[in-house]
Amino acid sequence: MPERRLPPVPDSTARLHQLRLIAAARVSACRTTSRQQVTDIVRVTVDDEVDTRTFRAIVDDVAGDSLG
């Protein structure tokens, strides 16, 4: 089965929003129970597209929604 990916989003703000939504959906689907699980899912989702500070912000945001 071919891998299905969303088309690239030209605006970096839109791409960050898209990555955050994808990470949040994956975290929700996995029913994570720890911050480490959230971090691992976000790491796979962003796949070197963001810097460390942005990565941490996405983890904090997604973890707050799913674990809080």
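Source: prediction; values computed, not measured.

A. How the structure looks around helix α3 (residues 52–67). Taking 1.5 Å of rise per residue, 16 residues should cover 22 Å, and α3 covers 21 Å from first to last C-alpha, within 8% of that figure. Every buried residue of α3 is listed here: F55, I58, V59, V62 and A63. Along the axis of α3, the buried positions cluster into a sector of 125°, meaning they face one direction only. Seen from the buried face of α3, the exposed residues on the opposite side, beyond 90 degrees, are R53, R56 and D65. Tucked inside the fold, the buried residues of α3 contact α1 (12–30) and α2 (35–46).

B. Main features of the pattern of salt bridges. The full count for this structure, using the stated rule, is five salt bridges. Where R20 meets D61, a salt bridge forms, and the shortest distance between an N and an O atom there is 2.4 Å. With a gap of 41 residues between them, R20 in helix α1 and D61 in helix α3 connect regions that are remote in the sequence. Put simply, R43 and D40 hold a salt bridge, and the shortest N to O gap is 3.1 Å. Of the two residues, R43 and D40 are both situated in helix α2; the distance of three residues between them amounts to about one turn of the helix. The class of D40 is partly exposed, set by a relative accessible area of 34%. Bridged by salt links that share partners, the residues R20, D61 and D65 form one connected network.

Rules of the game
Residues numbered from 1 in each chain as written. Predicted model: local features only at pLDDT ≥ 70, side-chain atom pairs only at ≥ 80, totals over all residues. Heavy atoms only, no water. Helix = DSSP H or I, 4+ residues; strand = E, 2+ residues; numbered from the N terminus. Expected span 1.5 Å × (residues − 1). Buried < 20%, exposed > 50% of the residue type's maximum accessible area, 1.4 Å probe, protein only. Arc of directions from axis to C-beta. Contact = heavy atoms within 4.5 Å. Salt bridge = Lys/Arg side-chain N within 4 Å of Asp/Glu carboxyl O.

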